[in-house]
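# Examination of the molecular architecture
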There are 2 protein chains.
Amino acid sequence: MVPNQAHSRYHHGDLRNALIQAATTVLVEKGAAALSLREVARVAGVSHAAPYRHFRDKAALLRVLAQGGFERLTAALNRAAENSPHNPEQKLIEAGVAYVRIVVQHPEITRLMFAGTVEPQQDPAYLAATAACYEALLDIIRQGIAQGTFRQRPPQQLVLVAWASMHGLAMLAVARLLEVDVDDELTLDVLIRSVAANVIYGIVK
Amino acid sequence: MVPNQAHSRYHHGDLRNALIQAATTVLVEKGAAALSLREVARVAGVSHAAPYRHFRDKAALLRVLAQGGFERLTAALNRAAENSPHNPEQKLIEAGVAYVRIVVQHPEITRLMFAGTVEPQQDPAYLAATAACYEALLDIIRQGIAQGTFRQRPPQQLVLVAWASMHGLAMLAVARLLEVDVDDELTLDVLIRSVAANVIYGIVK
DNA sequence: CGACTATGTAGACACTGTCTACATATCTAT
DNA sequence: ATAGATATGTAGACAGTGTCTACATAGTCG
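Residues numbered from 1 in each chain as written. Chains lettered and ligands numbered in written order. Predicted model: local features only at pLDDT ≥ 70, side-chain atom pairs only at ≥ 80, totals over all residues. Heavy atoms only, no water.

All names here are of chain A. Axis separation between helix α5 (residues 107–114) and helix α7 (residues 155–174) bottoms out at 11 Å; the angle between their running directions is 125°. Comparing their axes, α7 and α5 come out oblique. The way α5 lies across α7 gives a crossing that is left-handed. Note on element contacts: α7 touches α5 through His167, Met171 and Val174, opposite Pro107, Thr110, Arg111 and Phe114. Of the residues in the contact of α5 with α7, the class split is 4 nonpolar, 2 polar and 1 charged. (Axes fitted to C-alpha atoms, helices over the stretch in contact; angles between N-to-C directions. Helix = DSSP H or I, 4+ residues; strand = E, 2+ residues; numbered from the N terminus. Parallel < 35°, antiparallel > 145°, perpendicular 65-115°, else oblique. Left-handed = near helix turned anticlockwise from the far one by under 90°. Contact = heavy atoms within 4.5 Å. Nonpolar A, V, L, I, M, F, W, Y, C, P; charged D, E, K, R; others polar.)

As structure tokens, then:
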């Protein structure tokens, strides 16, 4: 029943992945408004109904793209954390920088991930991807608490603050509500580190 | 002269506002996916092309809705600030609570406001609405700095932290990425105050 | 009154998501 | 190897969409 992936050469070959690739290309190059299933099929070189053999509907395809976004985000967070294995404070800042950078570099996919259009409840794989992202941040927080660097509070409480701050900054940047050119890497970096530092040290003197 | 009654079959009288009202109703009750210009026209009881006499295209209507969202948000922030006129710290917390509450109470409009689909550059009125929202927060921060309650930093830097944190929490809630029922007012309030307090006092002990 | 302008309508077009019926390639069991 | 059975792809249809054009009507003002 389940075809052997290694040499599965059906009509098209690996249409499912081809469609995901095509959808990503269209999304990045032409924006979410121009992303139609038919256009994706066209780019992939198949008929307009072919995608329905691999995705129940358009939303299912979009959910896969969003899931990929979460996986990339999680990977970036973990990579950032590895840079300073024994310094939770630095880890948190690096993670924040990575978070905002990834989000800003892929604004269209970010919108998919956080627009709330996709209902996470349905898809276990999707839910796992978002949970993994949360866990990556939680790990950093836990270490900081364990080492006594962070406040002795429930980790869920601290991770919420960190996540909300990073996420908020990223979303404001993506929505272009900051008077900042998101392509200006240097200024962006300063902003991120400013927020990260303030999250850590607080506003009140 | 605007006729008091819109009883003339042909000319509606105040169609522009009627369309905005209809669009809001559709958006809230049936979601963004179901919001089509034709459906809006239908609800308003006019032909499918009538909206084009008042809005250049669909995006223009959506931008007006988003602008209304910013105006309501600004009003809520200012109202919250008035509750504790001489206590910037309390003011900031109240504003944060109001921010998240408003955003969570109107998720569909929030998505319009922050999804990045609307390009602010075009519309001066829209830009003014977002700027006013920013100013409301900035006022609180400025007062806190002036009174010596907040750190002596550039106000733009502090307002960014506050805005990003509140906004991030609100967006995570709307996207249902928190394991929290957004309709659970009590839990939500605790969360908001937790983030607000942490923004103020910082994570590091 | 009559002309001008603002506003509303009907019809058309190309496009969309999704369904159904049909076609073909690959897998499995004999 | 051969014959279903199954997985995959296609063509056509349908209702619905955004937006354009041509036309109809109403309100304004000389």
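The next thing to look at is the interface of chain B and chain A. If you look at the interface, chain B gives 41 residues, while chain A gives 40 residues. In this assembly, chain B and chain A are joined by 0 salt bridges. The interface formed by chain B and chain A contains 3 residue pairs in polar contact (both at pLDDT 80 or more). Looking at the side of chain B that touches chain A element by element, the count peaks at 12 residues for helix α7 (residues 155–174) of chain B. For the side of chain B that touches chain A, a count of residues per class yields 24 nonpolar, 11 polar and 6 charged. (Salt bridge = Lys/Arg side-chain N within 4 Å of Asp/Glu carboxyl O. Polar contact = N/O pair within 3.5 Å; in protein donor to acceptor, adjacent residues only side chain to side chain.)

Okay, the domain arrangement of chain A next. It is common to give the size of an interface as the accessible area lost on bringing the parts into contact. Residue and element names in this part refer to chain A. Splitting chain A by domain gives domain 1 (1–55) and domain 2 (59–201). One C-alpha centre belongs to domain 1, the other to domain 2, and the line joining them spans 29 Å. The interface is formed by 11 residues belonging to domain 1 together with 8 residues belonging to domain 2. For the pair domain 1 and domain 2, the two sides together bury roughly 790 Å², of which 89% comes from carbon and sulfur. The largest per-residue losses of area from domain 1 upon contact with domain 2 belong to Ile20, Leu27 and Phe55, which jointly make up 51% of the total buried on that side. The interface formed by domain 1 and domain 2 includes 1 residue pair in polar contact (both at pLDDT 80 or more). (Domains from an automatic or database assignment. Buried area = accessible area lost by both parts, 1.4 Å probe.)

Taken as a whole and judged by the stated rule, the model has 6 aromatic pairs over all chains. Look at A:Tyr134 and A:Trp163: their rings are 5.6 Å apart centre to centre, the planes differ by 55°, and that puts the pair in the tilted class. Here A:Trp163 lies in helix α7 and A:Tyr134 lies in helix α6 (residues 124–146), a separation of 29 residues in the sequence. Note on A:Trp163: relative accessible area 3%, which makes it buried. The interplanar angle of 85° and the centroid separation of 5.8 Å between the aromatic rings of B:Phe70 and B:Tyr126 together place this pair among those described as edge-to-face. Taken together, the residues span a long stretch of sequence, with B:Phe70 in helix α3 (residues 58–83) and B:Tyr126 in helix α6 (residues 124–146) at a distance of 56 residues. Just as B:Phe70 is buried, B:Tyr126 falls in that class too. Members of the aromatic cluster, connected to one another through ring pairs, are A:Phe70, A:Phe114 and A:Tyr126. (Phe/Tyr/Trp six-rings, centres within 6.5 Å; stacked < 30°, edge-to-face > 60°. Buried < 20%, exposed > 50% of the residue type's maximum accessible area, 1.4 Å probe, protein only.)

Before going further, it helps to examine the environment of B:Leu62. Residues and elements named next belong to chain B. Position of Leu62 relative to the elements: it lies in helix α3. Taking the C-alpha atoms as reference points, Leu62 and Met113, 51 residues apart in sequence, are found 9.1 Å from one another. Beyond its immediate sequence surroundings of up to four residues, Leu62 is in contact with Leu35 and Leu112.

Looking now at unusual backbone geometry. Across the chain, the bulk of peptide bonds are trans and the bulk of non-glycine residues have phi less than zero. With a phi angle near 60°, A:Arg176 is a residue other than glycine that sits in the positive phi range. Note on placement: A:Arg176 falls in the loop between α7 and α8 (185–201).

A separate point is the relation of the copies chain B and chain A. Superposing chain B onto chain A takes a rotation of 180° plus a shift of 0.0 Å along the axis, which leaves an RMSD of 0.1 Å. Interpreted geometrically, this transformation is the action of a two-fold axis. Here 98% of the interface residues in chain B have copies in chain A that are interface residues too; the copies meet face to matching face. (Least-squares fit on C-alpha atoms with pLDDT ≥ 70 in both.)

Looking now at the environment of B:Asp183. Note that B:Asp183 resides in the loop between α7 and α8 (185–201). Remark: the alpha-carbon pair of B:Asp183 and B:Thr74, spanning 109 residues in sequence, is separated by 22 Å.

All names here are of chain A. As a packed pair, helix α4 (residues 88–105) and α7 sit with axes 9 Å apart at the nearest point and diverge in direction by 30°. In terms of their interaxial angle, α4 and α7 are classed as roughly parallel. Where α4 crosses over α7, the handedness of that crossing is right-handed. Along its contact with α4, which presents Leu92, Gly96, Tyr99, Val100, Val103 and Val104, the element α7 presents Ala162, Trp163, Met166, His167, Leu169, Ala170, Ala173 and Val174. Taken together, the residues of the contact of α4 with α7 break down into 12 nonpolar, 2 polar and no charged.

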